[in-house]
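Residue-level structure breakdown
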Amino acid sequence: MRIQPAKSIRGEIRVPPDKSITHRMIFFAAMAKDRCEIENPLIADDTLRTLDLVKSVGANVGYDEGKLSIRMERISEPSSPIFCGNSGTTARLGLGFLSRLPLFSVLYGDASLSSRPMDRVIEPLSLLGPIFDGRNKASNLPVSVRGGKIKHANYRSKIASAQVKSAFIIAATAGDGISTYAEPVKSRDHTERFLNVFGIVSKKDGIIEIKPSVIPSFKARVVGDFSSAAFFITLGVCHRNAILEIKDVGLNETRTGFLDVLKRMGASIETRNIKNDFEPYGDLHVESSNLEGTEVSAEEIPSVIDEIPLIALLGAFAKGKTVVRGASELRKKESDRIKAIVSVLSEMGARVQEFEDGFSVEGCNLENAKIDPYGDHRIAMMAVIAGVCGNGVEITDPKVVSISYPSFFEDLKKVKR
Ligand code: S3P
């Protein structure tokens, strides 16, 4: 696909529903006492894999007029392995979910997911009782689970990962007593926030406490995905002639570290009409900005984890140098994102240096180039935004955006002049 640069960027868009929250709502609904309704769910490749997972163990799923209706009918053992595609959240939260059920199941994924670490969830989940097996001592998919009787445990994680935390919490809510979980730096908190409403999860002195209980039947609406909005925020601030309004974006502070980075870089961005519905959300007003390089520290990484490719792109449009360190987790995402960022931006003519745990980028004029997005949706969308703001781009495998943002190219068309 050939992408031309835009003369100007104008208008208003509504980004797709939040991917992390949609995955969680599907699992919570399949754990709940009765039928639940999820309004405005994200329907994309990754969340379809989570829907397939809950269906394969007996959930009844309906979808009508933008609303999902889910009820666990009768738990049944899947007769074949469950495919998680490219979705780390399906596999990791799915392992927590399957741990609760008295059945044998097997999860597998595509080539990228099969190379991503699963031991990070297998270790804490094993303390709760289920039996796992799999490739490389269950470090990689395929992994099998024999679930059922959940005990209780106290776990202190060495990595700040919302997927590990959520997998543990999901399993521990079916435990035989109170469990606790601690993490080194706070990762996104959608799971705790939702379960706190029902008194199932609370937090004391930085330690999460899980009190086993059944989730009551609920109705919830999913807010817009901040990580999807981040592509258009970047488009707005990097393009020379842009004014953009992005509506109904989730603004949970464990997700919006990117806004702090942008403000430090001197971006013109305003948050408006903040409301709350399980999660805070509001509108963003973005305009062309003169950016300055910045440094992103290790403590900031969890709150910007999915936006780091865009921080690199901002760095290419900024005066001076932008440095990201303490981000080695990026090597374990849908692609080795440090390698992907460095190679894509170098092909476009940027001066980029690779470190084991990050990179540095210097401000430059991006050139047109032919880009392979490494099968990674966020790298593909970053390259497209780079082309629209710079001198165009040619991208192989544009379909990969449907992992998280199926309407990305249509939304882009709406604002590109
Ligand atoms: C996610 C958490 C993050 C993020 C991923 C989705 C989630 O991963 O990168 O895209 O929904 O919990 P980690 O918290 O494991 O780093």
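Right, let's walk through the structure included here. Bear in mind that the values here come from a model prediction, so they are computed numbers and not experimental data. (Residues numbered from 1 in each chain as written. Predicted model: local features only at pLDDT ≥ 70, side-chain atom pairs only at ≥ 80, totals over all residues. Heavy atoms only, no water.)

Some words on the environment of Gly392
- Residue placement: Gly392 occurs in the loop between α14 (377–389) and β23 (393–395).
- Put simply, Gly392 and Glu367 are 25 residues apart on the chain and 7.5 Å apart in space, counted from C-alpha to C-alpha. (Helix = DSSP H or I, 4+ residues; strand = E, 2+ residues; numbered from the N terminus.)

Notes on unusual backbone geometry
- The residue after Leu141, namely Pro142, is reached through a cis peptide bond having omega -5°.
- Residue placement: Pro142 occurs in strand β9 (residues 140–146).
- Its identity as a non-glycine residue notwithstanding, Asn273 has a phi of 50°, on the positive side.
- At Asp397, a residue that is not glycine, the phi angle is positive and equals roughly 60°.
- Looking at the secondary structure, you find Asp397 in the loop between β23 and α15 (408–415).

Looking at the site of the ligand
- Around the ligand lies a shell formed by Ser20, Arg24, Thr89, Ser161, Ala162, Gln163, Arg188, Ile305, Asp306 and Lys333.
- Note that an oxygen atom of the ligand is positioned 2.6 Å from one of the side-chain N or O atoms of Arg24.
- Between the ligand and Asp306, the relevant distance is 2.7 Å, taken from an oxygen atom to a side-chain nitrogen or oxygen of the residue.
- Relative to its unbound accessible surface of 390 Å², the ligand loses 96% to contact with the protein.
- Put simply, the ligand lies in the largest pocket.
- For the shell around the ligand, a count of residues per class yields two nonpolar, four polar and four charged.
- Formed jointly, the shell around the ligand draws a minimum of three residues from each of two domains, domain 1 (2–16 + 223–415) and domain 2 (19–221). (Near = heavy atom within 4 Å. Polar contact = N/O pair within 3.5 Å; in protein donor to acceptor, adjacent residues only side chain to side chain. Areas by Shrake-Rupley, 256 points an atom, 1.4 Å probe, with all protein chains shown as cover. 1 Å grid on protein atoms, 1.4 Å probe; cavity = no way out; pocket = protein on both sides within 12 Å on 5 of 7 lines; lining within 4 Å. Sits in = over half its atoms within 2 Å of the grid points. Nonpolar A, V, L, I, M, F, W, Y, C, P; charged D, E, K, R; others polar. Domains from an automatic or database assignment.)

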